[in-house]
Amino acid sequence: MLAAPLWGEEELTYLAASYDCTLRVFRPDGSERMRRALPRNSHMPAWGKALCVADLDGDGKLWPIVGTQAWRVHPITPEGELRWTFDTTAHGVTALAAGDLNHDGRDEIAVGTVYFCVPAVTPDGLRLWEDEDYNDFWNAGPLFPFVRVGDVDGDGDREVITAGSDTLIHCIDRCGVKKWTTSIGDEPRGLVLTEAGIAAASGTGDVHLVDGSGRRVWRHGDETPCTALCGSSTLCVAREDGRVEWLSLEGEVVAEARLTAPAGQLLAVGQDIVAATTDGRVVCLRP
């Protein structure tokens, strides 16, 4: 799910993409505003796999972007139409993130996929990078479940940060060339950009913080595997035994909660954390 003020409107709009190949759009009171069937691509179902928002025109208006299992990325208009369709040619979409990569005043969209590469899309739905595998085809991934966009090294250019099933964090520059990688020891369970660095949770139970050059700042170790990570000014990590830990940006545990089942998803909403658990609950947590 995703919530944002869309298309220049003031109030929040809520979106949900699902395995029934439908994007649902809700008003703040929970009533349904529109419903859009997402298009199949040959034999591939259009399961909704990822959502983000992007300023496609440089006017401050945010457009909802949906990525599907059908290898496609679509912006949605206020009328529920598809502004354009981008085909990843790289199998299903796993994650989306937006940011101005080429200093044109409009947001480009970085796309995580299940097939070894992270393509980037222009605001007009065209391929931004000629070499979509950023010069490392077959030596990365194959799965990229997380992708973020931000200026992580302070050089004035935004980078694409992604974590892959190859146990590596990858930093890709605005031209699609890989700048560095660093290992987190196991498959990623979450990826967050903070003011202190890049945080990633791994299946081994560790939470790592690395700087904009890929050097480790700290590692918080635990024998219980991580299941999710979120945060900004602090980090919140969920574990397989149902624990949720709050970590300072220095890597110290500052609070803890216990859930009835592991959290598969965490969402930071102000100072609160919303957790979706594997036993079907949605829980709001406060440290």
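Now for a quick tour of the structure. This one's a predicted model, so the numbers in the text were calculated from it and none came from an experiment.

1. Quick notes on unusual backbone geometry
Line of reasoning, step 1. In the segment running from G141 into P142, the intervening peptide bond is cis, with an omega of 10°.
Line of reasoning, step 2. With respect to the element layout, P142 can be found in the loop between strand 11 (120-121) and strand 12 (146-150).
Line of reasoning, step 3. Unusually for a residue other than glycine, S42 sits at a positive phi of about 60°.
Line of reasoning, step 4. Looking at where S42 falls in the secondary structure, it is placed in the loop between strand 4 (32-37) and strand 5 (48-54).
Line of reasoning, step 5. Look at H103: it is not a glycine, yet its phi comes out positive at around 60°.

2. Focus on the state of the cysteines
Line of reasoning, step 1. For the structure shown, the criterion picks out zero disulfides.
Line of reasoning, step 2. Counting only cysteine sulfurs, C52 is the nearest neighbor of C21, a cysteine outside any disulfide, at a range of 19 Å.

3. So, the sheet that holds strand 16 (residues 188-194)
Strand pairing within a sheet occurs via backbone hydrogen bonds; the two strands may be parallel or antiparallel.
Line of reasoning, step 1. Pairing in this open sheet of four strands is antiparallel, and the strands run 16-17-18-19 from one edge to the other. Each of the sheet's edge strands pairs with one partner strand only, and the pair in question is strand 16 and strand 19 (216-220). Strand-to-strand, the axes of this sheet are offset by a mean angle of 15°, without reference to chain direction.
Line of reasoning, step 2. Where strand 16 and strand 17 (residues 197-202) come together, six bridges link them in antiparallel fashion. When the bridges of strand 17 are listed, T194 appears paired with G197.

4. So, the sheet that holds strand 26 (residues 282-285)
Line of reasoning, step 1. Read from one edge to the other, the open sheet built from three strands follows the order 24-25-26, with strand pairing classed as antiparallel. In this open sheet, the two edge strands, each paired with only one partner strand, are strand 24 (263-269) and strand 26. The mean angle between the axes of side-by-side strands here comes to 20°, regardless of whether they run parallel or antiparallel.
Line of reasoning, step 2. Where strand 24 lies against strand 25 (residues 272-277), six bridges are found, and the strand directions are antiparallel. In the sheet register, A268 faces strand 25, and the bridge partner there is I273.

What counts as what
- Residues numbered from 1 in each chain as written.
- Predicted model: local features only at pLDDT ≥ 70, side-chain atom pairs only at ≥ 80, totals over all residues.
- Heavy atoms only, no water.
- Helix = DSSP H or I, 4+ residues; strand = E, 2+ residues; numbered from the N terminus.
- Disulfide = S-S within 2.5 Å.
- Pairing = 2+ DSSP bridges.
- Axes fitted to C-alpha atoms, helices over the stretch in contact; angles between N-to-C directions.

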